[in-house]
Amino acid sequence: MNRLRTPFLFCAIVLICIVVLIEMGTALPGVLRSNPIPITAFQLPPQLSAATAGLNRDQQNMVAQLSSQGHPPGLGLPDLALLDSIMLFTVILMGVALFIPERLHGRVQGIATLIFSLLLMGFALRQIFIALSLLMLMISLLISIPFGTLIYLIVYGSFNRAGAYVVLSVIMLLKFGFSGSLFFAQQRFLESKGLLLLLLTSLLGTVLVSLLLGIVPAFLVSITDAIAALCIGIITIIWGITLLIGSITSIIKTVRLNRVLTA
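Residues numbered from 1 in each chain as written. Predicted model: local features only at pLDDT ≥ 70, side-chain atom pairs only at ≥ 80, totals over all residues. Heavy atoms only, no water.

Participant: Would you take a moment to explain helix 8 (residues 193-214) for this structure?
Facilitator: Spacing of three or four residues puts side chains on the same side of an α-helix, whose turn is 3.6 residues. Taking 1.5 Å per residue, 22 residues should reach 32 Å; helix 8 reaches 31 Å between its end C-alpha atoms and fits that length. Residues L195, L198, L199, T201, S202, L203, G205, T206, V209, L212 and L213 constitute the buried set of helix 8. (Helix = DSSP H or I, 4+ residues; strand = E, 2+ residues; numbered from the N terminus. Expected span 1.5 Å × (residues − 1). Buried < 20%, exposed > 50% of the residue type's maximum accessible area, 1.4 Å probe, protein only.)

Participant: Sorry if this is basic, but what is going on with the packing of aromatic side chains here?
Facilitator: Overall, the coordinates contain 4 aromatic pairs when judged by the stated rule. Measuring from ring centre to ring centre gives 5.6 Å for F8 and F184, while their planes differ by 35°; the resulting arrangement is tilted. Of this pair, F8 sits in helix 1 (residues 6-25) while F184 sits in helix 7 (residues 161-185); the two residues are 176 residues apart in sequence, bridging distant segments of the chain. Plain terms: the ring middles of F183 and F184 are 5.4 Å apart, the flat faces sit at 70° to each other, and that makes the pair edge-to-face. Of the residues examined, F184 reaches a relative accessible area of 43% and is grouped as partly exposed. (Phe/Tyr/Trp six-rings, centres within 6.5 Å; stacked < 30°, edge-to-face > 60°.)

Participant: Is there a simple way to explain unusual backbone geometry in this structure?
Facilitator: Excluding glycine, residues mostly carry a negative phi; peptide bonds, for their part, are mostly trans. At the junction of I145 and P146, the peptide bond is cis and its omega measures out at 0° in the coordinates. Structurally, P146 can be placed in the loop between helix 5 (102-142) and helix 6 (147-156).

Participant: Hey, could you run me through the nonpolar core in this one?
Facilitator: A general tendency of soluble globular proteins is for nonpolar side chains to be buried together. Membership of the largest hydrophobic core comes to 64 residues, with the highest contact counts inside it found for I86, Y156, F178 and L182. At the level of secondary structure, the elements contributing two or more residues to this core comprise helix 1, helix 4 (76-96), helix 5, helix 6, helix 7, helix 8 and helix 9 (221-262). Apart from residues no more than four positions distant in its own chain, L182 is found in contact with L9, A12, V91, F189 and L195. (Core = buried A, V, L, I, M, F, W, Y, C linked by side-chain atoms within 4.5 Å. Contact = heavy atoms within 4.5 Å.)

Participant: Sorry, what's going on with the side chain of T113 here?
Facilitator: Here T113 lies in helix 5. Beyond its immediate sequence surroundings of up to four residues, T113 is in contact with F89, L93, L243 and S247.

Participant: Looking at this structure, I do not really get the pattern of salt bridges. What am I missing?
Facilitator: Working definition: two side chains of opposite charge can pair if their charged atoms are close together. Within this structure, the stated rule accounts for 1 salt bridge. Residue K175 pairs with D84 through a salt bridge whose shortest N-O separation is 3.0 Å. Of the two residues, K175 is situated in helix 7 and D84 in helix 4; the sequence distance between them amounts to 91 residues. Each member of the pair K175 and D84 is classed as buried. (Salt bridge = Lys/Arg side-chain N within 4 Å of Asp/Glu carboxyl O.)

Participant: I tried to follow the packing of helix 1 against helix 4 on my own but got confused; where do I start?
Facilitator: Axis angle and axis distance: for two packed helices, these are the angle between their axes and the distance between the axes, and together they describe the pair. Between helix 1 and helix 4, the shortest axis-to-axis distance is 8 Å and the interhelical angle comes to 160°. When the axis of helix 1 is compared with that of helix 4, the two are roughly antiparallel. The element helix 1 and its partner helix 4 pack so that their crossing is left-handed. Listed contacts from helix 4 to L9, I13, I16, C17, V19, V20, E23 and M24 of helix 1 are L77, P78, L80, A81, D84, S85, M87, L88, V91, I92, M94 and G95. Residue composition of the contact of helix 1 with helix 4, grouped by class: 16 nonpolar, 2 polar and 2 charged. (Axes fitted to C-alpha atoms, helices over the stretch in contact; angles between N-to-C directions. Parallel < 35°, antiparallel > 145°, perpendicular 65-115°, else oblique. Left-handed = near helix turned anticlockwise from the far one by under 90°. Nonpolar A, V, L, I, M, F, W, Y, C, P; charged D, E, K, R; others polar.)

Participant: Can you walk me through the environment of I13 in this structure?
Facilitator: Summarising the element assignment, I13 is placed in helix 1. Along the sequence, I13 and M87 sit 74 residues apart, while their C-alpha atoms lie 9.1 Å from each other. For I13, the residues in contact, after removing those within four places along its chain, are L88, V91, I92 and G95.

Participant: What is the right way to read the side chain of Q127 from this model?
Facilitator: Residue placement: Q127 occurs in helix 5. A residue is classified by how much of its surface remains accessible, and Q127, at 15% relative accessible area, is buried. Setting aside residues no more than four positions away along its own chain, Q127 makes contact with D79 and L82.

Participant: Mind showing me how you'd approach the confidence of the model for the protein here?
Facilitator: The predicted structure's coordinates, where accompanied by low pLDDT, should not be read in detail. Taken residue by residue, the protein gives an average pLDDT of 80. The fraction at 70 or more is 77%. Between the elements of the protein, mean pLDDT differs from a low of 50, seen in helix 2 (residues 46-49), to a high of 92, seen in helix 8. A low-confidence stretch, residues 27-45 stays under pLDDT 50, and its non-local contacts, those more than four residues away or across chains, total 51 contacts. Low pLDDT (under 50) marks residues 66-73, which in the prediction has 22 contacts with non-local residues, meaning those over four places away or in another chain. (pLDDT = per-residue confidence, 0-100.)

See below:
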């Protein structure tokens, strides 16, 4: 029962890799939202030109820049890729352990985790700032009646919630398959509290995004999508800090062990 079944471990790696790729693919323009009014780069249509007169210069520039995309991408689903990349990184380390000596794997794991955690937190912070800026812009537009509200409805009022649910359903199905593959690979994985907590966080993150996309009317989904991105980003930062502390501890232990062996 404790024997590692390599095919199931490789299957788990493939499944979580597909999950991350799907989540990264949702960042492509037009996947999550559709804009009913085409807006060319930095040139707003006549009905918006008068409306933007009531906004300050920074808001006008941001609206023009975002509108130039035609189909503003969502944030919640793509940010799940950051969270799930932690799981992908973890199972890849498990797979690498099958091909390199245990002593070398300990060194590689500590350094690789250190680099990964720093990159992860950097990307997560970037996404948090983007989501926060966009959230503040959308709220300020929404409450700026009537012109700001009109701009919000045209630029952000359309969100392909049904398409997002399809993607989230596929992701959740793949994550269940990933969980089952890990269990069949080795039942002792269930004894790892860190791995189980990471898996639970990944599943709850998907549920959280789905919940925030569904609890509000359609014209407010863009706002809750940004809130979901903020939540996922914060959770990712917490995990990044945990990995950073663990990697530093691992490196210190490895250095001490090397000193003992060479003494």
